[in-house]
Amino acid sequence: MFAGIIFEREPFFKGDDNHDQLVKIVKVLGSEKFHQYVLKYNIELEPPIAGLIDGQDGIPWNHYTKKSSVNNLVDDEAIDLLSKMLRYDHAERI
């Protein structure tokens, strides 16, 4: 929700279903850390999903700040907080 508020894009990760939403998350956060998370917790992905998320570099947060008209809500502290909140691994999130 925080990303949606500061970037004026709600919901921020809008998917048509769970699989599509996961793909949208991975496109933003990147596939390398997602694969680390999957390996760490021994999660099995369905083959179609694995093919859709491979090779995603992630999108830097400043990509969204340029499109936002509420730039007064998007400063370095907000981006730092968002980066600490949006992590694949629940043990790393604040």
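Structure's up top.
A short tour of the structure in this document, coming up. (Residues numbered from 1 in each chain as written. Predicted model: local features only at pLDDT ≥ 70, side-chain atom pairs only at ≥ 80, totals over all residues. Heavy atoms only, no water.)

Tallying secondary structure elements over the protein gives 6 helices and 0 strands in all. Each helix and strand of the protein, placed in order from N terminus to C terminus, yields the pattern α-α-α-α-α-α. The buried share among the 94 residues of the protein stands at 29%. Counting only contacts in the protein whose residues sit at least 6 apart along the sequence, the fraction spanning at least 24 positions is 64%. The averaged location of the 16 negative side-chain charges in the protein is 3 Å from the averaged location of its 11 positive side-chain charges. (Helix = DSSP H or I, 4+ residues; strand = E, 2+ residues; numbered from the N terminus. Buried < 20%, exposed > 50% of the residue type's maximum accessible area, 1.4 Å probe, protein only. Contact = heavy atoms within 4.5 Å. Lys, Arg positive; Asp, Glu negative; His and termini not counted. Charge placed at Lys NZ, Arg CZ, Asp CG, Glu CD.)

Right, let's get into the side chain of S31. Tracing the backbone through its elements, the reader meets S31 in helix α3 (residues 31–40). Owing to a relative accessible area of 6%, S31 belongs among the buried residues under this scheme. A distance of 3.3 Å separates the side chain of S31 from the backbone nitrogen of G55, its partner in a polar contact. Excluding residues within four positions of it along the chain, S31 makes contact with V26, I53, D54, G55 and Q56. (Polar contact = N/O pair within 3.5 Å; in protein donor to acceptor, adjacent residues only side chain to side chain.)

Looking now at the nonpolar core. Among the nonpolar cores identified, the biggest contains 12 residues, and these are A3, I6, F7, F12, F13, V28, W61, Y64, V74, A78, I79 and L82. Looking at this core, the elements that each hand over two or more residues are α1 (2–6) and α6 (76–85). The element contributing the most residues to this core is α6, with 3 residues. In this structure, F12 is in contact with A3, G4, F7, V28, W61 and Y64, ignoring residues within four places of it in sequence. (Core = buried A, V, L, I, M, F, W, Y, C linked by side-chain atoms within 4.5 Å.)

The next point concerns a nonpolar patch on the surface. A surface patch of nonpolar side chains, amounting to about 340 Å² of accessible area, comprises M1, I5 and L73. Within the secondary structure, L73 is located in the loop between α5 (62–65) and α6. (Patch = residues over 30% accessible without salt bridge, like charges linked within 9 Å, V, L, I, M, F, W, Y side chains within 5 Å. Areas by Shrake-Rupley, 256 points an atom, 1.4 Å probe, with all protein chains shown as cover. Salt bridge = Lys/Arg side-chain N within 4 Å of Asp/Glu carboxyl O.)

Moving on: α3. Of the residues making up α3, those classed as buried are S31, F34 and V38. Each buried residue of α3 lies within a common arc of 55° when the element is viewed along its axis, so the set occupies one face. Of the exposed residues in α3, the ones pointing more than 90 degrees away from its buried face are E32, K33, L39 and K40. Those residues of α3 hidden inside the fold are in contact with α2 (18–29) and α4 (47–53). Once α3 ends, the next one or two residues include N42, with phi positive near 55°. (Arc of directions from axis to C-beta.)

Before going further, it helps to examine the environment of D20. Turning to its location among the elements, D20 is positioned in helix α2. What D20 contacts, discounting residues up to four positions off in sequence, is K14 and G15.

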